[in-house]
Amino acid sequence: MHQYKGRLIVHTGSMFSGKTSSLEKDLKRFSIAGYKVCAFKPRMDSRCGENEIMSHDQEATHAYPLDTIDDLEAMVQEKGLDVVGIDEIQFIDPDPQRVVEVLFKILDRGITIIVAGLDMDYQKVPFEIIKELMPRADYVYKHHAVCTCCGSDAWVSHRKSSKTSRVVLGAIDEYEPLCRACYEKMKTKE
Ligand SMILES: Nc1ncnc2c1ncn2[C@@H]1O[C@H](COP(=O)(O)OP(=O)(O)O)[C@@H](O)[C@H]1O
Ligand SMILES: Cc1cn([C@H]2C[C@H](O)[C@@H](COP(=O)(O)O)O2)c(=O)[nH]c1=O
Ligand SMILES: [Zn+2]
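Residues numbered from 1 in each chain as written. Chains lettered and ligands numbered in written order. Predicted model: local features only at pLDDT ≥ 70, side-chain atom pairs only at ≥ 80, totals over all residues. Heavy atoms only, no water.

If you check an unreviewed UniProt entry, the protein appears there as Thymidine kinase from Urinicoccus massiliensis. Recorded in UniProt under Sequence similarities (unreviewed entry), the annotation for the protein is "Belongs to the thymidine kinase family." UniProt, in the comment section headed Catalytic activity (unreviewed entry), describes the protein in these words: "thymidine + ATP = dTMP + ADP + H(+)". (UniProt positions renumbered as here; feature names shortened; annotations may be inferred.)

**Student:** Whenever I open this one, the site of ligand 2 confuses me. Can you help?
**Tutor:** Contacts to ligand 2 come from 18 residues, most closely from Lys19, His56, Tyr122, Arg166 and Val168. In this structure, an oxygen atom belonging to ligand 2 sits 2.8 Å away from a main-chain N or O atom of Val168. Breaking the shell around ligand 2 down by element, the ones donating at least two residues are helix H1 (19–32) and strand S8 (156–159). The class makeup of the residues in the shell around ligand 2 is 8 nonpolar, 4 polar and 6 charged. (Near = heavy atom within 4 Å. Polar contact = N/O pair within 3.5 Å; in protein donor to acceptor, adjacent residues only side chain to side chain. Helix = DSSP H or I, 4+ residues; strand = E, 2+ residues; numbered from the N terminus. Nonpolar A, V, L, I, M, F, W, Y, C, P; charged D, E, K, R; others polar.)

**Student:** Which parts of the structure should I look at to understand the pairing of strand S6 (residues 112–118)?
**Tutor:** The side chains of a regular strand alternate, residue by residue, between the two faces of the sheet. Judged by how many residues are buried, S6 sits mostly within the fold: 7 of 7 residues are covered. The alternating pattern of S6 places Thr112, Ile114, Ala116 and Leu118 and Ile113, Val115 and Gly117 on opposite faces, both of which are buried. In terms of strand pairing, strand S5 (residues 83–86) meets S6 through 4 bridges, oriented parallel. Bridge pairing links Val83 to Thr112 in S6. A crossover connection joins S5 to the parallel S6 through helix H3 (residues 96–107); in handedness this β-α-β unit is right-handed. (Buried < 20%, exposed > 50% of the residue type's maximum accessible area, 1.4 Å probe, protein only. Pairing = 2+ DSSP bridges. Right-handed = clockwise from strand over helix to strand, strands pointing away.)

**Student:** Help me understand unusual backbone geometry, please; the structure alone is not making it clear to me.
**Tutor:** The bulk of non-glycine residues show a negative phi, and the bulk of peptide bonds are trans. Backbone geometry places Phe16, a non-glycine residue, at a positive phi of 70°. Considering the arrangement of structural elements, one finds Phe16 in the loop between strand S1 (8–13) and H1. Phi at Gln58 is positive, roughly 70°, even though this residue is not glycine. Turning to its location among the elements, Gln58 is positioned in the loop between strand S3 (52–54) and strand S4 (60–66). You can call Gln58 exposed: its relative accessible area is 57%.

**Student:** Sorry if this is basic, but what is going on with the pattern of salt bridges here?
**Tutor:** Two side chains bearing opposite charge may form a pair once their charged atoms approach each other closely. Scanning all chains against the criterion turns up 13 salt bridges. A salt bridge links Glu50 to Arg43; the nearest nitrogen and oxygen atoms lie 2.3 Å apart. Relative accessible area serves as the criterion here: at 35%, Arg43 is assigned to the partly exposed category. Asp121 is the partner of Arg166 in a salt bridge, and the nearest nitrogen-oxygen pair spans 2.8 Å. Taken together, the positions of Arg166 in the loop between S8 and strand S9 (175–178) and Asp121 in the loop between S6 and helix H4 (128–133) put the pair 45 residues apart, joining distant regions of the chain. On the basis of relative accessibility, which here comes to 29%, the residue Arg166 falls in the partly exposed class. Residue Asp121 is classed as buried on the basis of its relative accessible area, which comes to 5%. (Salt bridge = Lys/Arg side-chain N within 4 Å of Asp/Glu carboxyl O.)

**Student:** What am I meant to see in the side chain of Ser14 here?
**Tutor:** By the element assignment, Ser14 lies in the loop between S1 and H1. Not counting chain neighbours up to four residues away, the residues in contact with Ser14 comprise Lys19, Leu118, Asp119, His143, Ala145, Ala154, Trp155, Val156, Ser157 and Pro177. (Contact = heavy atoms within 4.5 Å.)

**Student:** Sorry, what's going on with the sheet that holds S1 here?
**Tutor:** In a beta sheet, neighbouring strands are held together by backbone hydrogen bonds and run either parallel or antiparallel to one another. The sheet built from 7 strands is open, its strands ordered S3-S4-S2-S5-S6-S1-S7 with mixed pairing. Each edge of the open sheet carries a strand with a single partner, namely S3 and strand S7 (139–143). Direction aside, neighbouring strands of the sheet carry axes that sit 30° apart on average. Relative to S4, strand S2 (residues 37–42) is paired through 4 bridges, and the arrangement is parallel. Following the sheet pairing, Lys41 is matched in S4 by Pro65. Packed onto the sheet, helix H2 (residues 70–79) meets S2, S4 and S5 and runs at close to 120° relative to S4. On the sheet, H3 packs against S1, S5 and S6 and is oriented at approximately 150° with respect to S6. (Axes fitted to C-alpha atoms, helices over the stretch in contact; angles between N-to-C directions.)

As structure tokens, this is what we get:
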């Protein structure tokens, strides 16, 4: 039992690609296998309840909100966890180096960490924390949504509104997954 120790698993891709669903599925499987698991999320992600993560399929999992990555270390210790899941890792802390430091401290204690997060923002700029975690991870899964224009694999999350700040929470009201060709076409039209 409990052979799976200290691994870093990254689920990444555009919005609607299945990152949260994959995180939830992994946590469920580890829980069935007898590991003590817990999910976490950034407190600022207020799209669903404060104490849950929710996929676009409305599948909810209990989760503790974090104000900063430093809160995670203490909670993991206090709860005696074997497996930690973190959704929306790109919003967990503004300092990616600090996130890496804390995550690897936890991994080095034999705790497995599964993260889900966007690879790129709406302007196709990579999120820094994903750039830091992908090469360091044991397993990286790049997921793909369906391009809402042409039906091929989506590549990026297109923002439908004219809001320009990097962080604008939302779902299908605000974003649509597009392949590279459809995204570039859309950008020339805008
Ligand atoms: N264009 C799309 N392509 C793929 N899935 C979509 C699309 N639009 C809505 N969905 C729904 O989104 C679900 C994935 O949601 P979720 O796991 O929350 O993704 P993510 O965390 O990557 O945003 C799919 O199972 C599907 O039901
Ligand atoms: C592309 C992009 C997304 N966001 C926000 C929108 C959602 O609230 C989350 C992503 O959720 P998902 O589980 O991946 O569907 O991030 C943002 O703030 N800025 C962006 O550029
Ligand atoms: Zn397309």
